[in-house]
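# Residue-level structure breakdown
As a plain string of letters, each chain reads:
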Amino acid sequence: MRLFAAVLPPEAAVAELAARVKALRALPGADGLRWTEREGWHFTLAFFGEVAEDVLPELHTRLARAAHRHHPHELRLAGGGRFDDRVVWVGVDGDSEALRRLADSAEAGGRRAGVPMDRHRPYHPHLTIARARARSARHDSPRHGSQRHGSATSLAPYVDGLTDFAGREWTVSELSLVRSHPPAPGVPGQQPRYEVVAAWPLGH
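Residues numbered from 1 in each chain as written. Predicted model: local features only at pLDDT ≥ 70, side-chain atom pairs only at ≥ 80, totals over all residues. Heavy atoms only, no water.

## Examining the overall build of the protein chain
Each helix and strand counted, the protein chain has 4 helices and 9 strands in total. Ordered by position from the N terminus, the helices and strands of the protein chain form the series β-α-β-β-α-β-β-α-β-α-β-β-β. Evaluated residue by residue, the protein chain yields a buried proportion of 48% over its 204 residues. Of the roughly 9900 Å² of accessible surface on the protein chain, 49% is carried by carbon and sulfur atoms. (Helix = DSSP H or I, 4+ residues; strand = E, 2+ residues; numbered from the N terminus. Buried < 20%, exposed > 50% of the residue type's maximum accessible area, 1.4 Å probe, protein only. Areas by Shrake-Rupley, 256 points an atom, 1.4 Å probe, with all protein chains shown as cover.)

In structure tokens:
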């Protein structure tokens, strides 16, 4: 199964972001982007890709240990940016360093469990809200973004529209293991569906 470790923002934070995204989607040219669905909004910590069934027990054990080693911390959704003209994302304010340490532990846990991982890169916390339509879908790496290149739609206006965005503060209290179900082939507008298969409270 296709898996990744993630932090999921609470519904109140998601609702605030959804209101801002609604305004962004009213801007000229917004139909040139594929907007992600709020049900799937998350901060990827470590992307594991296809994980064999026999690796799952050890992966669960390693992620549980990773969660135990980190305490809950405060964040808020704030600001935004882009990966070239490929992806629009929302960033964070607050204890982002704690989120980076959690991401490093999740990645290390995957490696120790035997999951083949890309080489380590610095973690860049981001929540993807839109992608260029010109390229095929791919899960964005939390380390260095998507691998697609180029777009006919400038993302600058949408990033500008996030400059003053700052949501309410919320507590990161658990680490989730999420399964990505690919969209049905040949169905326009279909997006991946995400399913939380396990979660561990931080600091326990």
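## Concerning the nonpolar core
General note: in soluble globular proteins, nonpolar side chains tend to be found buried as a group. Counting 51 residues, the largest nonpolar core has Leu 45, Phe 48 and Ile 129 as its most contacted members. It is helix H1 (residues 11–24) that provides the largest number of residues to this core, a total of 6 residues. Discounting chain neighbours no more than four positions away, the residues touching Ile 129 are Leu 17, Val 21, Leu 24, Arg 34, Trp 35, Thr 36, Trp 41, Val 88, Trp 89, Val 90 and Leu 162. (Core = buried A, V, L, I, M, F, W, Y, C linked by side-chain atoms within 4.5 Å. Contact = heavy atoms within 4.5 Å.)

## Focus: the pattern of salt bridges
Per the stated rule, a full pass over the model turns up 8 salt bridges. For Asp 85, the salt bridge goes to Arg 82, with nearest N and O atoms at 3.0 Å. Residue Glu 107 is joined to Arg 111 by a salt bridge in which the shortest nitrogen-to-oxygen separation is 3.4 Å. Placement of both Glu 107 and Arg 111 in helix H3 (residues 96–113) is noted, with a separation of 4 residues, approximately one turn of the helix. (Salt bridge = Lys/Arg side-chain N within 4 Å of Asp/Glu carboxyl O.)

## Brief notes about the packing of helix H2 (residues 56–68) against H3
The contact between H2 and H3 brings their axes to 8 Å, and the two run at 155°. The angle between the axes of H2 and H3 places the two elements in the roughly antiparallel class. By crossing handedness, the relation of H2 to H3 is classed as right-handed. In contact with Glu 58, Leu 59, Arg 62, Leu 63 and Ala 66 of H2, H3 contributes Leu 102, Ser 105, Ala 106, Gly 109, Gly 110, Arg 112 and Ala 113. Residues of the contact of H2 with H3, tallied by class, amount to 6 nonpolar, 3 polar and 3 charged. (Axes fitted to C-alpha atoms, helices over the stretch in contact; angles between N-to-C directions. Parallel < 35°, antiparallel > 145°, perpendicular 65-115°, else oblique. Left-handed = near helix turned anticlockwise from the far one by under 90°. Nonpolar A, V, L, I, M, F, W, Y, C, P; charged D, E, K, R; others polar.)

## A word on the confidence of the model for the protein chain
Averaged over every residue, the pLDDT of the protein chain is 90; residues scoring 70 or more account for 88%. Here residues 146–150 scores under 50 on pLDDT; set against residues more than four positions off or in separate chains, the count is 21 contacts. (pLDDT = per-residue confidence, 0-100.)

## Examining the sheet that holds strand E8 (residues 174–181)
Strands sit in the order E3-E1-E8-E9 across an open sheet of 4 strands; the sheet is antiparallel. Strands at the two margins of the open sheet, each flanked by one partner only, are strand E3 (43–50) and strand E9 (193–201). Direction aside, the axes of adjacent strands within the sheet are offset by 25° on average. Pairing of strand E1 (residues 2–7) with E3, which is carried by 6 bridges, proceeds in the antiparallel orientation. (Pairing = 2+ DSSP bridges.)

## Section: H3
The end-to-end C-alpha distance of H3, which contains 18 residues, comes to 26 Å, matching closely the 26 Å that a straight helix rising 1.5 Å per residue would cover. All buried positions along H3 are accounted for by Ser 96, Ala 98, Leu 99, Leu 102, Ala 103, Ser 105, Ala 106, Glu 107, Gly 109, Gly 110 and Ala 113. Just beyond H3, the residue with positive phi is Gly 114, at close to 100°. (Expected span 1.5 Å × (residues − 1).)

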